[in-house]
Amino acid sequence: MRYHLFANLPLASQLCKTNIKKKLFFSSSLTTALAAIVVLGTMSSSHAKVLFTDTSLSVLYGNDYELVEDGELTTITLEHASTHSWGGVFFFVDRHQGANDIENNRFKETYGEFAPKLKLTTFDDSFIKQLNLAGQYEFGSNSKGFSQDNYMIGLGADLNVPISGMKYASASLYHVFNDNTDDDQQITLTYGWEKNNFVVDGYVDYSFNNDDLKNQLHINPQIKYNLQPLLGIDNRLEVGMEYSYWKNKYGSDTTQNVPSALVKFHF
């Protein structure tokens, strides 16, 4: 669910109840499943090849985040995405830093996701281009003492959306083995569109069926402009904004509506 962890300590203490049964069996099994998706793909055959790869570093700043000290948050993100003849990999790590509190302490957290997919089958001339076995590992910790390791497994589909400029779109359904709360399910949509150096991409997460938390809807687009042609440089440099609409953030009664300034450099 891209939880980005709990910046609000009282809420974190309430939600992060101690669970004596650590779900070791599920964690071990899902770790193996995630590893298998990558290993099976890389072992596929000599015909395996990279179809697309992109690595970027971005900086975000916003000052109206909910459940964050004074609402201020700066985020540095390292992100990698690649597609291969066997499937693909998406990976990112966020480093968040908040404003100083009344005791001059600064909130910090690290959050990341590793999401491989293994191609199961493809379809010609169809809305569904490819069916995938999809996995995801969410991890992180913060300066308030909270940590998490969540595991997700499910099915995903790469979609052929008939919109000019649409570069990719996908839909996935996961079962989520949560570390600190009851298990739930999640639907994730991703998309990317580009035309005349304008870029709109992002994701939609809907998390539901958690007995501990309220259903959550997180809509998170980035709207950017590619300055590379204008500056005549070798790498993409995008500037713009990210918008976060998060209904029932962290499964609470709080809804977040916040824009953030964004600069993103592609290697």
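The name that an unreviewed UniProt entry assigns to the protein is Nucleoside-specific outer membrane channel protein Tsx, with the source organism given as Psychrobacter immobilis.

J.: Before we go on, may I ask you to explain the environment of Leu120 in this structure?
T.: You can see Leu120 is positioned in strand β4 (residues 106-122). For Leu120, a relative accessible area of 47% translates into the label partly exposed. For the pair Leu120 and Asn132, spaced 12 residues apart in sequence, the C-alpha separation works out to 5.1 Å. For Leu120, the contacting residues outside a window of four places in its chain are Leu131, Asn132, Leu133 and Leu155.

J.: Looking at this structure, I do not really get the side chain of Thr181. What am I missing?
T.: In this fold, Thr181 is placed in the loop between β7 (166-177) and β8 (184-195). Looking at Thr181, its side chain comes within polar contact range of the side chain of Asn210, at 3.2 Å.

J.: Got a minute to help me understand the sheet that holds strand β12 (residues 256-266) in this structure?
T.: Strand-to-strand pairing in sheets goes through backbone hydrogen bonds, with the strands running parallel or antiparallel. One closed barrel holds the 12 strands; their spatial order is β1-β2-β3-β4-β5-β6-β7-β8-β9-β10-β11-β12, and the pairing between them is antiparallel. Across this sheet, the average inter-strand angle for adjacent strands is 20 degrees, counted without regard to direction. Taken together, the 13 bridges between strand β5 (residues 128-142) and strand β6 (residues 147-159) define a ladder with antiparallel strand orientation. Residue pairing across strands places Phe139 opposite Asp149, the latter belonging to β6.

J.: Would you take a moment to explain the packing of aromatic side chains for this structure?
T.: By convention here, two paired aromatic rings are described through the distance between centres and the angle between planes. Here the structure, examined in full by the defined rule, presents 9 aromatic pairs. Look at Tyr137 and Tyr151: their rings are 5.2 Å apart centre to centre, the planes differ by 25 degrees, and that puts the pair in the stacked class. With a gap of 14 residues between them, Tyr137 in strand β5 and Tyr151 in strand β6 connect regions that are remote in the sequence. We classify Tyr137 as partly exposed; its relative accessible area is 22%. Tyr151 gets classed as buried once you look at its relative accessible area, which sits at 12%. Ring pairs connect the aromatic residues Phe90, Phe92 and Tyr111, which therefore count as one cluster.

Cut-offs and rules
- Within every chain, residues take consecutive numbers counted from 1 along the sequence as written.
- Confidence filtering applies because this is a predicted model: local features only for residues at pLDDT of at least 70, side-chain atom pairs given and counted only at 80 or more, and all residues used for totals across whole chains, interfaces and linings.
- To obtain the side-chain values, all non-hydrogen atoms of the structure were used and water was disregarded.
- Each helix corresponds to a stretch of at least 4 residues labelled H or I by DSSP, and each strand to a stretch of at least 2 residues labelled E; elements are numbered beginning at the N terminus.
- Between buried and exposed lies partly exposed: a residue is buried under 20% and exposed over 50% of the maximum accessible area for its type, with that area taken using a 1.4 Å probe on protein chains only.
- Residue contacts are counted whenever heavy atoms from the two residues lie within 4.5 Å of one another.
- Definition of a polar contact: a pair of N or O atoms within 3.5 Å, with one able to donate and the other able to accept a hydrogen when the atoms are protein atoms, and with sequence-neighbouring residues admitted only if both atoms are side-chain atoms.
- What makes two strands pair is DSSP finding at least two bridges between them.
- Orientation is described by axes fitted as lines to C-alpha atoms, over the contacting stretch for helices, and by angles from 0 to 180 degrees between their N-to-C directions.
- Paired rings are identified among Phe, Tyr and Trp, the last through its six-membered ring, by centres lying within 6.5 Å, and are further divided according to the angle between planes into stacked (under 30 degrees), edge-to-face (over 60) and tilted (the rest).

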